[in-house]
Amino acid sequence: MASYLYHLISSRFPSRDKVFIETLDNRKITYGDLDTGSARLAGALVSLGVIAGDRVAVQVEKSPEAILLYLACLRTGAIFLPLNTAYTPTEIEYFLTDAKPRIFVCDPASRDKLAAVAMGAGAAIETLGDKQNGSLLDKATGQSETFKDVDRGPGDLAAILYTSGTTGRSKGAMLTQDNLASNALTLVDYWRFTKDDVLIHALPIYHTHGLFVAMNTLLVAGGSMFFLPKLDADAIMKLMPRATSMMGVPTFYTRLLQHPGLNKEATRHMRLFISGSAPLLAETHREWREKTGHAILERYGMTETNMNTSNPYDGDRVAGTVGFPLPGVSARISDPDTGKVLAQGEIGMIEVKGPNIFKGYWQMPEKTKAEFRDDGFFITGDLGKIDERGYVHIVGRGKDLVITGGFNVYPVEVECEIDALPGVMESAIIGLQHPDFGEGVTAVVVPQKDAQIDEKQVMAALDGRLAKFKLPKKVIFVEELPRNTMGKVQKAALRETYAGLYKSS
Ligand code: AMP
């Protein structure tokens with residue numbers, strides 16, 4: 001045996017000198033480099049005491065070396081645990097205490113402020129920068145270019161990705177080797193990726209979209225990618241004549257639509273534009289098609305499930321839908337309260353089942369149990385329907401999740417921070433349609449009687465406590481929050497009241 005997922009990936013490596021990653025500063029990382037670089041890092045991890053099943057938590061900037069580290073974890077049997085670069089030390093403390101990693105790898109610039117946090121959680125701290133620097137790379141330099149991969153089977157864990165919890169506590173989604181392998185194989189096939197593909201990769205690599213959907217798919221296809229540190233419309237426009245495909249969140253498409261150079265000629269070399277992680281407005285789909293002649297292919301997945309559904313490669317890519325269940329994946333709609341499976345066309349909870357579905361939440365057996373039906377279907381928390389042609393439509397999110405620029409913000413987490421401020425009685429966080437971010441995080445705050453508190457004070461108090469993407473774009477003050485007879489805050493009513501807030505921004 002070998003390491004299941006790494007074996008799948010490496011068995012499909014094209015020639016060693018083929019480029020896998022090209023960066024904006026013209027660095028080229030070949031498939032041969034992936035092999036030797038990941039072997040050296042695997043050697044370094046082992047020298048630090050990492051054994052199969054250990055967690056390796058990673059909060060680093062996007063770089064080819066971060067990908068080598070992911071592969072090195074697969075080769076040692078360690079569980080890769082990427083963390084959003086925006087997380088503050090307070091947030092990191094929770095993840096490390098919960099996951100108890102053997103090693104925590106951070107950016108060299110963050111070492112000083114995170115060393116105590118790592119030590120408190122019992123993790124050794126190492127660094128990895130985006131300029132081919134850091135203590136972990138130093139340790140890898142003296143290691144062998146070959147590594148005997150540790151045996152791992154399809155059911156062993158490959159990664160833990162934290163998803164914010166509606167209750168305020170983040171949950172670690174445990175993803176097995178086969179969850180990732182099976183989904184990558186399906187996507188290569190469904191989206192027709194081959195070794196001739198060159199993907200524009202401007203997504204972060206701590207999230208399932210950039211890491212697994214993009215990276216694993218291109219690795220299994222033996223293709224190449226342009227690696228951009230972040231969304232940069234000018235750079236993407238320049239790369240398109242040398243690329244074949246792009247995966248992005250809807251914000252990518254709204255930003256590119258504002259670029260004066262976007263037209264049929266500029267996108268002539270591209271064969272596929274994919275969107276996901278948040279709803280793509282039908283308007284964006286239509287405008288993109290008008291300007292470029294390409295129909296954006298929208299798909300639907302989540303951290304816990306990898307990809308579930310996709311619009312077809314051939315056939316109608318229907319705006320406002322997320323397409324069909326992928327081969328091997330079953331989807332159904334149920335009554336959110338009773339779990340009864342509903343008839344075609346009815347709106348209810350989307351449930352999915354397949355080899356892509358995660359193993360459960362890290363050390364939360366009760367939470368895990370509560371989110372699966374007895375017959376193995378996972379309750380996604382998304383509300384939707386399946387139309388007469390079999391296309392899945394997402395109509396809303398049962399959990400009031402706000403998705404801003406492709407990132408999830410769970411209201412409870414931000415509300416807890418605001419409610420703790422002096423002068424605040426209570427608050428509600430809602431997502432409002434935003435022309436740039438998809439949704440803008442918006443705080444509706446009820447001040448205590450006679451308290452003097454303004455938007456500036458709320459924003460200043462939250463700064464540094466929460467990752468920037470979670471911060472409200474606007475704070476609205478009201479005398480009371482609308483509630484139903486059960487005492488629940490009616491967020492739908494709030495969203496309606498303030499629907500046009502960002503129209504002119
Ligand atoms: P994450 O776990 O960060 O990938 O977020 C998963 C959530 O993003 C899903 O449960 C959906 O609510 C949402 N999502 C993902 N893709 C789409 C899509 N194409 N349309 C609408 N919502 C989506």
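Quick summary incoming for the structure in this document. Being a predicted model, the structure only gives us computed values, none of them experimental.

Cut-off values and rules
Residues numbered from 1 in each chain as written. Predicted model: local features only at pLDDT ≥ 70, side-chain atom pairs only at ≥ 80, totals over all residues. Heavy atoms only, no water. Helix = DSSP H or I, 4+ residues; strand = E, 2+ residues; numbered from the N terminus. Rg over C-alpha atoms; globule rule 2.2 N^0.38 Å. Contact = heavy atoms within 4.5 Å. Areas by Shrake-Rupley, 256 points an atom, 1.4 Å probe, with all protein chains shown as cover. Lys, Arg positive; Asp, Glu negative; His and termini not counted. Charge placed at Lys NZ, Arg CZ, Asp CG, Glu CD. Core = buried A, V, L, I, M, F, W, Y, C linked by side-chain atoms within 4.5 Å. Buried < 20%, exposed > 50% of the residue type's maximum accessible area, 1.4 Å probe, protein only. Near = heavy atom within 4 Å. Polar contact = N/O pair within 3.5 Å; in protein donor to acceptor, adjacent residues only side chain to side chain. Nonpolar A, V, L, I, M, F, W, Y, C, P; charged D, E, K, R; others polar. Axes fitted to C-alpha atoms, helices over the stretch in contact; angles between N-to-C directions. Parallel < 35°, antiparallel > 145°, perpendicular 65-115°, else oblique. Phe/Tyr/Trp six-rings, centres within 6.5 Å; stacked < 30°, edge-to-face > 60°. Lys NZ or Arg CZ within 6 Å of the ring centre and 35° of its normal. Pairing = 2+ DSSP bridges. Salt bridge = Lys/Arg side-chain N within 4 Å of Asp/Glu carboxyl O.

## Concerning the overall build of the chain
Right, on to step 1. A count of helical and extended segments in the chain gives 15 helices and 25 strands.
Right, on to step 2. Its C-alpha atoms give the chain a radius of gyration of 23 Å, near enough to 23 Å, the size a compact globule of 505 residues would have.
Right, on to step 3. Taken along the three principal axes of its C-alpha coordinates, the chain extends 65 × 55 × 50 Å.
Right, on to step 4. Intrachain contacts of the chain at a sequence separation of at least 6 include 67% that bridge at least 24 residues.
Right, on to step 5. Carbon and sulfur atoms make up 52% of the accessible area of the chain, which totals about 20,800 Å².
Right, on to step 6. Looking at the chain, you have 56 positive and 60 negative side-chain charges, and the mean spots of the two groups are 2 Å apart.

## Some remarks on the nonpolar core
Right, on to step 1. Residues L69, W191, F193, I200 and M247 are the most contacted members of the largest nonpolar core, which totals 111 residues.
Right, on to step 2. Apart from the residues within four sequence positions on either side, L69 is in contact with L41, L45, V58, F80, V105, L128 and L136.
Right, on to step 3. Counting 40 residues, the second-largest nonpolar core is a separate cluster that includes A118, I160, V402 and V458.

## What to know about the site of the ligand
Right, on to step 1. In the vicinity of the ligand lie 17 residues, with H207, R299, T303, D382 and N408 positioned nearest.
Right, on to step 2. In the model, an oxygen atom of the ligand is placed 2.8 Å from a nitrogen or oxygen of the H207 side chain.
Right, on to step 3. Isolated, the ligand exposes 490 Å² of accessible area, and the fraction of that covered by the protein chains is 94%.
Right, on to step 4. Among the secondary structure elements, those contributing two or more residues to the shell around the ligand are β13 (297–302) and β20 (392–397).
Right, on to step 5. Sort the elements by how many residues they give to the shell around the ligand and β13 lands first, with 5 residues.
Right, on to step 6. Here the shell around the ligand is composed, by residue class, of 7 nonpolar, 6 polar and 4 charged.

## Focus on the packing of helix α3 (residues 64–76) against helix α8 (residues 208–221)
Right, on to step 1. Running from amino to carboxyl end, α3 crosses α8 at an angle of 80 degrees, the nearest separation of the two axes being 13 Å. Comparing their axes, α8 and α3 come out roughly perpendicular. Each of I67, Y70 and L71 in α3 lies in contact with α8, whose residues at this interface are L211, F212, M215, N216 and L219.
Right, on to step 2. Along the lines of polarity and charge, the residues of the contact of α3 with α8 split into 7 nonpolar, 1 polar and no charged.

## Considerations on the packing of aromatic side chains
Right, on to step 1. Within the structure shown, the criterion is met by 19 aromatic pairs.
Right, on to step 2. Note on Y94 and Y162: the rings are 6.4 Å apart at their centroids and 75 degrees apart in plane angle, and the pair reads as edge-to-face. Within this pair, whereas Y94 is found in helix α4 (residues 89–99), its partner Y162 is found in strand β7 (residues 157–163), the two being separated by 68 residues in sequence.
Right, on to step 3. Pairing F358 with Y361 gives two aromatic rings, centres 4.8 Å apart and planes at 65 degrees, and the pair type is edge-to-face. Per residue, the accessibility class of F358 equals that of Y361, and both read buried.
Right, on to step 4. Three or more aromatic residues joined by ring pairs form one cluster here, namely Y6, F13, F20 and Y31.
Right, on to step 5. The ring centre of F377 lies 3.7 Å from the NZ or CZ of R332, which sits over that ring.
Right, on to step 6. Stacked on the ring of F437, the Lys or Arg K473 has its end atom at 4.4 Å from the ring centre.

## Some words on the sheet that holds strand β15 (residues 324–325)
Right, on to step 1. Taken in spatial order, the 9 strands line up as β2-β1-β10-β9-β11-β12-β13-β14-β15 in an open sheet, and their pairing is mixed. Because the sheet does not close on itself, it has two edges, and the strands there are β2 (28–30) and β15.
Right, on to step 2. Strand direction decides the pairing type here: strand β9 (residues 198–201) and strand β10 (residues 224–227), joined by 4 bridges, are parallel. Bridge pairing in β10 places I200 opposite F226.
Right, on to step 3. Set on the sheet, α3 makes contact with β1 (19–23), β2 and β10; between it and β1 the angle comes to about 145 degrees.

## Focus: unusual backbone geometry
Right, on to step 1. Unlike most non-glycine residues, R192 shows phi in positive territory, near 60 degrees.
Right, on to step 2. Structurally, the position occupied by R192 is in the loop between α7 (177–190) and β9.
Right, on to step 3. Take R192: its relative accessible area is 41%, and that puts it in the partly exposed class.
Right, on to step 4. One non-glycine residue, N306, lies in the positive phi region at around 55 degrees.
Right, on to step 5. Mapping N306 onto the fold places it in strand β14 (residues 306–310).
Right, on to step 6. Overall, N306 belongs to the buried group, its relative accessible area being 2%.

## Quick look at the pattern of salt bridges
Right, on to step 1. A complete count under the given rule lists 26 salt bridges for this structure.
Right, on to step 2. In this structure, E351 engages R332 in a salt bridge whose closest nitrogen and oxygen atoms are separated by 2.9 Å. Here the residue E351 occupies a position in strand β17 (residues 348–353), and R332 occupies one in strand β16 (residues 330–334), the gap between them amounting to 19 residues. Just as E351 is buried, R332 falls in that class too.
Right, on to step 3. Note that D463 is salt-bridged to K468, the shortest N-O span being 3.5 Å.

By themselves, these are just geometric observations and shouldn't be taken as functional.
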